[in-house]
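The residues making up each chain are set out below.
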Amino acid sequence: MNVKAWSDRFALRKAPKLAKVLTAFNANVDAMVFGLHQPAKALALLSQAELAEIEKKCDSELREIKSQSDFFSALLHSVKTGKAMHLHASQGVFDWMGSVFTADETRIGGQAGIMANQLSAFHDFVLTYSSLLSPLQASFFDQKVCFPSTSGKKLVCHPAKKVARKGDATKVNWIFEFKTGEKLKAKSEFHSPRANRLIVSSPAHYTPVFENVDVKQLAKNADVAMLSGFQQLHLDKNLGATLKKISSQIAELKKANPKIAVHWEFVPMEDKKAEKLVLSSVGKAVDSMGINEVEIVDVLKALGAKKEADKIGKLENSYSLYLGARRLSELLKLERVHVHSFGFQLAVLRKPYVVAPDKVRDALVFSSIIAALKALKGSAFVSRKEFEAHALVPSETGFNQIRALEGGLDEERVKRFSSMTRRALLESGIFELNDHYVVIVPSPIVQPKSTVGLGDVISSMALAAERG
Ligand code: GLC
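Residues numbered from 1 in each chain as written. Predicted model: local features only at pLDDT ≥ 70, side-chain atom pairs only at ≥ 80, totals over all residues.

A.B. asks: A description of the overall build of the protein should follow, citing residues and the corresponding values.
C.D. replies: From N to C terminus, the protein includes 19 helices and 19 strands. For the protein, whose C-alpha radius of gyration is 22 Å, the value lies close to the compact-globule estimate of 23 Å for 468 residues. When the backbone C-alpha atoms are referred to their principal axes, the protein occupies close to 65 × 60 × 45 Å. The buried share of the protein, taken over its 468 residues, is 49%. Considering only contacts in the protein between residues 6 or more positions apart, those separated by 24 or more positions represent 76%. (Helix = DSSP H or I, 4+ residues; strand = E, 2+ residues; numbered from the N terminus. Rg over C-alpha atoms; globule rule 2.2 N^0.38 Å. Buried ≥ 20, exposed ≤ 12 C-beta atoms within 10 Å, placed from the backbone. Contact = placed C-beta atoms within 7 Å.)

Shown next, in the form of structure tokens:
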């Protein structure tokens, strides 16, 4: 493969033009704890019996955090496996956490919040709807972000602070970030194979639908709608009505602006029964979905695509993930599935796709750079200046993943391509198949200071650049 073609693409210093984006529904505050010293100190105060209980529970994956020992077990599980985790905690556990841990930094969290602030570093117009907007929450938004109201037929923009609602709760989540090789000791000592984080989500509740805002006006002022926050939903008596409302609002967005791309940034749900229902309603209403290598396995299983899920489980690489993404796009009739993974990203685009695949590829290159810079700095967002000064190069892992995808696709062919054609494909990262394309990009790998929100930044910057 001509690695130079890829290094040249990554030498990008001029940001592409971005589309106008609407982000909704979830913004919160993330209380960041970097490194494991604080939890390690708290663990050291516990009795041997308590430590034994914690260690016993940490083998399985907990669904929620109901006690102090659940918290430590979840953290140990995340550290031991190097897996990202996102769990809800009870108010009691939250109060306890507040008395034991001190945040190293508080910053904007939630998909809609993270995306809005990152986008507004590169675009003068970003539209946001946040289901919760307390004055404290509002203070974390970039003041350029437009919070809409409609006056007559026109959309009017307000800074978050001006339209904050005093009665709204502030959702503050705890984020525990750890590095590769960091250790945590209960009875025995665990080392993390990979930098990652545990998110402990607060019980503050919201409903991810548009309220008191003209959905048509939103659509007319956006090329892309990045929706998320559905992880909040539970199987209760309101779920059916809420899902109906969300789906009809998505239909309304598309009716008012047929060109709008509606994207769902997937976040695993605690309530798996509700997740299945959300997938088959919201999943079928949106055009595009962003998901990572762990989440896609669960989603495929939930949708009954066991073969593809097992294939990723057996050997997780770009080819098995592509097969999973392709299946997902078929099952939910998505025109675009964007998988962000370690060292590479890929997108399955159903034909006829509205954007040329090489533009999609270049958008993925751009979003890879932004995400790697964010990881490296551990910051809430990446500025234009930081982007222009970057010196990142694509990773060897990424190149190997392009080879894996190309190899897998070649084996599917009845008539094999010549080695010259195969080389050209490796260099372009674009593969054309009967009814879809798959685009793959090798991304930089850095030692991250923080991993939270990387998927959000990748997905939003990629789609904004693709539609720009
Ligand atoms: C989820 C979490 C939020 C975090 C975000 C990052 O929305 O609830 O705390 O900032 O994911 O992706």
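The rest of the description comes next.
A.B. asks: Go over the site of the ligand, please, and point to the residues and values.
C.D. replies: Neighbouring residues of the ligand: 14 residues in total, closest Asp-30, Gly-109, Gly-110, Asn-173 and Gly-453. Split into classes, the residues belonging to the shell around the ligand amount to 4 nonpolar, 8 polar and 2 charged. Looking at which domains feed residues into the shell around the ligand, each of domain 1 (3-17 + 250-466) and domain 2 (30-107 + 170-201) supplies at least three. (Near = placed C-beta within 6 Å. Nonpolar A, V, L, I, M, F, W, Y, C, P; charged D, E, K, R; others polar. Domains from an automatic or database assignment.)

A.B. asks: Describe helix H15 (residues 357-377), and please don't skip the residues or the numbers.
C.D. replies: A rise of 1.5 Å per residue sets the reference length of H15, with its 21 residues, at 30 Å; its end C-alpha atoms lie 30 Å apart and thus fit the reference within 8%. A large share of H15 lies buried, amounting to 16 of its 21 residues. Looking one or two residues past H15, Gly-378 carries a phi angle of roughly 70°, positive in sign. (Expected span 1.5 Å × (residues − 1).)

A.B. asks: Would you mind going over the nonpolar core in detail, with residue names and values included?
C.D. replies: Within the largest apolar cluster, 147 residues are counted, with the highest numbers of intra-cluster contacts made by Val-224, Ile-296 and Leu-346. When residues in this core are grouped by element, the largest group, 11 residues, is from H15. Each of domain 1 (3-17 + 250-466) and domain 2 (30-107 + 170-201) contributes no fewer than three residues to this core. Other than its neighbours up to four places away in sequence, Leu-346 contacts Ser-318, Leu-321, Tyr-322, Ala-325, Val-339, Val-438, Val-439 and Ile-440. (Core = buried A, V, L, I, M, F, W, Y, C linked by C-beta atoms within 7 Å.)

A.B. asks: So what's going on with unusual backbone geometry? Which residues, and what values?
C.D. replies: That bond from Ala-24 to Phe-25 is cis: its omega, 10°, falls within 30 degrees of zero. Cis geometry marks the peptide bond from Lys-351 to Pro-352; its omega dihedral reads -5°. Within the secondary structure layout, Pro-352 lies in the loop between strand E17 (344-350) and H15. Despite not being glycine, Asn-212 shows a phi value in the positive range, around 55°. Within the element layout of this structure, Asn-212 appears in the loop between strand E12 (196-201) and helix H9 (215-220). A positive phi angle, close to 55°, is found at Lys-333, a residue other than glycine. Note on placement: Lys-333 falls in the loop between helix H14 (318-331) and strand E16 (336-341). For Lys-333, a count of 12 C-beta atoms within 10 Å gives the class exposed.

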